Amino acid sequence: MKDMIIRIREFLLRHFTNNNIRTLIYGLISYEMMSYVFFGIGTSLVDYTIFSSLTAIGCDELISNIISTICAAVFAYITNKLWVFKSKTHGFWDVLQEFLKFANVRFFTLIMTEVILLISKLVDGNPYIAKVLAMVLTVILNYILSKLLIFNQRKGTQK
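**Q** Explain empty space enclosed by the protein to me, please; I cannot follow it from the model alone.
**A** Empty space left among the atoms is revealed by rolling a probe the size of a water molecule over them. Under the criterion given, the structure shown has 1 cavity of 30 Å³ or more. Put simply, the largest cavity is a space of about 230 Å³. Elements with a contribution of two residues or more to the lining of the largest cavity: helix H3 (31–56), helix H4 (61–84), helix H5 (92–122) and helix H6 (127–150). Its residues assigned to classes, the lining of the largest cavity shows 8 nonpolar, 11 polar and 3 charged.

Okay, structure coming up:
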C-alpha cells in the first residue's frame, strides 16, 4: 500500500509547481492520512452500526450514542496507536496516560455529538442524519486533536 501511495503522490507532484499545493498533496496523500481514513471508516462503521442497532430496538438516541462512541473510541485508540500514528509509548502508566488523553478528546466530540442529537430530537429531526453529520465533524476534529495533542511524536512531547 505504501508504494501505491508514493506513486500516486509522485504522479500528482509532477503536475503541480505551486509549493502550497505540493505541501497539501504531501499532507493529504501520505501513509498516515490514508491509514487514518481507512481505520476512520472502520471506526465510523463500528460507531454507526452500534448506534443504529440500539436506536432501532428502542434505545434513546442519546444513550445509544454514548454506548456506540465508547465502543468506537476503544477501536479507534487501538488502531490509531498501532497503525496510524505508530505510537511508541510502552508501559502501563505511559499507555494509560496516552489513552486518557485520547479519551478526553473523544469525550469532547461525544459532547458535541450529544448536542447535535439533542437539537435534532428537539426539532423532530432524523437522528440518523444528525449522527452522520456529527460523525463527519468528529472525524475531522479527532484527527487534528490526535495529531496535535495525543500521538505527537516531536522530541520531548512523549517518552
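**Q** Quick question: what am I supposed to make of the pattern of salt bridges here?
**A** Pairing between side chains of opposite charge can happen when the charged atoms of each approach one another. The tally for this structure, following the rule as stated, stands at 4 salt bridges. Between Lys147 and Glu32 there is a salt bridge, and its shortest N-O distance comes to 3.0 Å. Separated by 115 residues along the polypeptide, Lys147 in helix H6 and Glu32 in helix H3 bring together distant segments of the chain. For the salt bridge of Lys131 with Asp47, the shortest nitrogen-to-oxygen distance reads 2.9 Å. Residue Lys131 is found in helix H6, and its partner Asp47 is found in helix H3; the two are separated by 84 residues along the sequence. Using a relative accessible area of 10% as the deciding quantity, one classes Asp47 as buried.

The rules behind these values
Residues numbered from 1 in each chain as written. Predicted model: local features only at pLDDT ≥ 70, side-chain atom pairs only at ≥ 80, totals over all residues. Heavy atoms only, no water. 1 Å grid on protein atoms, 1.4 Å probe; cavity = no way out; pocket = protein on both sides within 12 Å on 5 of 7 lines; lining within 4 Å. Points joined across faces, edges and corners; volume = space filled by probe spheres on them. Helix = DSSP H or I, 4+ residues; strand = E, 2+ residues; numbered from the N terminus. Nonpolar A, V, L, I, M, F, W, Y, C, P; charged D, E, K, R; others polar. Salt bridge = Lys/Arg side-chain N within 4 Å of Asp/Glu carboxyl O. Buried < 20%, exposed > 50% of the residue type's maximum accessible area, 1.4 Å probe, protein only.

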